[in-house]
Amino acid sequence: MSEFESGAATPASLENASPDGGKKAELDGGVSFDLLISLCKRRGFVFPGSEIYGGINALYDFGPLGVRLRRNIRQSWWNRMVERRGDIEPIETAIIMNREVWVASGHVGSFSDPLVECAACHRRWREDHLEDERRARGKTGAGCPECDGTLGESRKFNLMFRTFLGPVQDDLNEVFLRPETAQGQFVNFANILNSTRHSLPFGIAQTGKSFRNEISPGNFIFRSREFEQMEMEWFCEPGSDREWFEYWCDDRFAWYVDELGVRSARLRLRPHTREELSHYSAGTSDVEYLFPFGWGELEGIADRTDFDLGAHQQHSGKDLTYFDPATNRRFLPYVIETAVGVDRTLLVTLMDAYDEEEVRGEKRVLLRFHPAIAPFQLAILPLSKKPELTGLSLSLVERLRSRWSVDFDQTQSIGRRYRRQDEIGTPLAITVDFESLQDHAVTIRNRDTMAQVRVSIDRLEVAIGEQLAEAAQRVLARARGELPVN
RNA sequence: GCGGGAGUAGCUCAGCUGGUAGAGCAUUUGCUUCCCAAGCAAAGGGUCGCGGGUUCGAGUCCCGUCUCCCGCUCCA
């Protein structure tokens, strides 16, 4: 465990956590969870799951804006990982897989830790770690490492959701909801190889839901029991894995800054220490973001060696080797994995985009989304609800919807509507007024600068394109630290 | 599971020592040729988490229960 994960986010621990103390002042603070949770519910990003029944622990529903944001995040990942390259193939595998998959992967074994609980202090221990814990505290005997209390019966604590395939609830029919999507890639490695004519190196990518019965979920949607992953498995020649590992670390880190517009000052790439490394990994680095509770992982990039393919080959008895015609050699490829959480990315884009400023003595709340991920890129706002303006406005809505995601709002005053759009991060608002009927021009108003320009309806698409590009540049400059952090 | 905090309108909260619910914001409607949470006028919305108990009477006291949030072997 790292020093950063052990403590609360006290100012002191944040100082320790900061690799370069110079950024400390900027790194402190940020939007609070309470404020964000409230905004998410009020505006329709995230709702508590099953709310009218009192909710359900650590599960959430996504509202109209949240869904749009999620889709855009997924799309951004998809574009970078699949669409703009030729060497990564997509796949979608079933959430429920043959039970043996999880035996081979090690999840049935290592995901079901035997836990014992102290009757006195109620602390829980992993049974297989008891000796280490006692030694660390200089204890002897069979009691609780902390308080010497009596330990209870050993219980299996399986992090995988269990269910039954078919109507008979029999242990023979036991199956699991996947705790990660990656095994779908490994299990289909031979299928992809045979159906796509790829030679090494190449990747297989998948987005989809995963499920884990976390012991302690929390921090809003940060750790949920149902979550969505975007995972890519990169198959390469043994010996080239270190190089590819570095490549993917750089590439994945860049995604957050260059495409999502997350401020680099709040991001870091942290290599795992030797003790942290998983049994399968020859090296792992996490992309982390500075949350109010401290640094938290968004993405893990891991050199998984040939562990997974080897395990599946052995367990299934099927040949999963790759034949290299150039060298006439047959071998198990090594794998670099990049694994991101959609929900965590959504949380980060919200937190990082959140900003407040004072305008004429009033607080203005805005989300400085990159236009590519904003739920709406445009809002059409008639200055008045008069039918003439409504008609023209709706025709613009229809026209622009073929290219952008457009919101339409004609309730209440124009000032309110600007603020409302600011709060959901719409980069541009297009205002239709009475003069528009005469001069065939409308006003484009900018979320970040509140500046307005009058443009002819004839060249509206061009003007919008330019302004969105400009807005994107502004967000990216902020992300790279070329503009003041706030 | 343990410790701490909290459950009252969509959101944020008020409601003192018990007397059958309020504010701000938000939402909706109307009027105003109306460009930065504008003005005026209205409206909708709560069995005060749930169940018991004490009491003539309970958001307010007691018991139970559920849920949420914050801390302790998580790695998306």
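This text follows the structure it describes.
Reading the values: the criteria
- Residues numbered from 1 in each chain as written.
- Chains lettered and ligands numbered in written order.
- Predicted model: local features only at pLDDT ≥ 70, side-chain atom pairs only at ≥ 80, totals over all residues.
- Heavy atoms only, no water.
- Helix = DSSP H or I, 4+ residues; strand = E, 2+ residues; numbered from the N terminus.
- Contact = heavy atoms within 4.5 Å.
- Pairing = 2+ DSSP bridges.
- Axes fitted to C-alpha atoms, helices over the stretch in contact; angles between N-to-C directions.
- Near = heavy atom within 4 Å.
- Polar contact = N/O pair within 3.5 Å; in protein donor to acceptor, adjacent residues only side chain to side chain.
- Nonpolar A, V, L, I, M, F, W, Y, C, P; charged D, E, K, R; others polar.
- Core = buried A, V, L, I, M, F, W, Y, C linked by side-chain atoms within 4.5 Å.
- Buried < 20%, exposed > 50% of the residue type's maximum accessible area, 1.4 Å probe, protein only.
- Parallel < 35°, antiparallel > 145°, perpendicular 65-115°, else oblique.
- Left-handed = near helix turned anticlockwise from the far one by under 90°.
- Patch = residues over 30% accessible without salt bridge, like charges linked within 9 Å, V, L, I, M, F, W, Y side chains within 5 Å.
- Areas by Shrake-Rupley, 256 points an atom, 1.4 Å probe, with all protein chains shown as cover.
- Salt bridge = Lys/Arg side-chain N within 4 Å of Asp/Glu carboxyl O.

Draft legend 1. Focus on the environment of L260. Counting through the fold element by element, L260 comes out in the loop between helix 11 (241–259) and strand 11 (267–271). For L260 and A479, which are 219 residues apart along the polypeptide, the C-alpha to C-alpha distance reads 8.7 Å. Filtering out sequence-adjacent residues up to four positions away, L260 remains in contact with S76, W255, T345, T349, H370 and I373.

Draft legend 2. Highlighting the sheet that holds strand 12 (residues 283–291). Pairing in this open sheet of seven strands is mixed, and the strands run 3-9-10-16-13-12-11 from one edge to the other. Two strands lie at the open edges of the sheet, namely strand 3 (88–90) and strand 11, each paired on one side alone. Averaged over all adjacent pairs, the angle separating strand axes in this sheet is 25°, with direction ignored. Inspection of the sheet shows strand 13 (residues 294–305) paired to strand 16 (residues 334–341) by six bridges, in the antiparallel sense. What sits directly across from I301, in strand 16, is T338. Contacts from helix 5 (residues 64–83) reach strand 3, strand 9 (202–211), strand 10 (226–236) and strand 16 within the one sheet, and its direction differs from that of strand 10 by about 0°.

Draft legend 3. Fine view of the protein's contact with RNA strand B. Taken together, 58 residues lie near RNA strand B, and E276, E297, R416, R420 and Q452 sit nearest. When the atoms of RNA strand B within 4 Å of the protein are sorted by group, sugar and phosphate make up 56%. At 2.4 Å, a side-chain N or O of K41 approaches a phosphate oxygen of RNA strand B. Counting residues per element, the surface near RNA strand B draws most heavily on helix 15 (residues 414–423), at six residues. Residue composition of the surface near RNA strand B, grouped by class: 15 nonpolar, 20 polar and 23 charged.

Draft legend 4. Just the nonpolar core, in detail. Ranked by internal contacts, the top residues of the largest apolar core, which has 54 residues, are F45, Y256, L347, L350 and F369. When residues of this core are assigned to their parent elements, the largest contribution, seven residues, is made by helix 13 (residues 342–353). When residues no more than four places from it in sequence are discounted, the contact partners of L350 are L36, C40, F45, L69, L367 and F369. Counting residues in each nonpolar core, the second largest holds 20 residues, with L378, V432, I457 and L468 among its members.

Draft legend 5. Region of interest: the packing of helix 14 (residues 387–400) against helix 17 (residues 460–479). In the contact formed by helix 14 and helix 17, the axes pass within 12 Å of each other and the chain directions differ by 65°. With respect to helix 17, the element helix 14 is oriented roughly perpendicular. For helix 14 against helix 17, the interelement crossing comes out right-handed. Along the contact surface, helix 14 presents L396, R399 and L400, while helix 17 presents L460, E461 and I464. Its residues assigned to classes, the contact of helix 14 with helix 17 shows four nonpolar, no polar and two charged.

Draft legend 6. How the structure looks around a nonpolar patch on the surface. On the surface, a cluster of nonpolar side chains totalling about 250 Å² of accessible area is made up of I95, I96 and L165. Topologically, I96 is positioned in the loop between strand 3 and helix 6 (99–105).

Draft legend 7. Inspection of the pattern of salt bridges at higher detail. Taken as a whole and judged by the stated rule, the model has 38 salt bridges. The shortest N-O distance in the salt bridge between E466 and R459 comes to 3.8 Å. Accessibility expressed as a relative area gives 48% for E466, which makes it partly exposed. On the basis of relative accessible area, R459 is assigned to the partly exposed category, the value being 37%.

Draft legend 8. Looking closely at the environment of G300. With respect to the helices and strands, G300 occurs in strand 13. Spatially, the C-alpha atom of G300 lies 31 Å from that of L165, the residues being 135 residues apart in sequence. Setting aside residues up to four positions removed in sequence, G300 forms contacts with S285, D286, E337, T338 and A339.

Draft legend 9. Structural view of the packing of helix 5 against helix 13. Relative orientation of the contacting elements helix 5 and helix 13 amounts to 110°, with a least axis distance of 10 Å. When the axis of helix 5 is compared with that of helix 13, the two are roughly perpendicular. On the side of helix 5, the interface is formed by G66, L69, R70 and I73, while helix 13 contributes V342, D343, T345, L346, T349 and L350.

Draft legend 10. Representation of the side chain of R364 within the structure. Checked against the element boundaries, R364 lands in strand 18 (residues 362–367). Using a relative accessible area of 0% as the deciding quantity, one classes R364 as buried. One polar contact links R364 to D422, side chain to side chain, over a distance of 2.9 Å. Every residue in contact with R364, bar those within four places of it in the chain, is listed here: D355, E356, E357, V359, R419, D422, R445, R447, D448 and M450.

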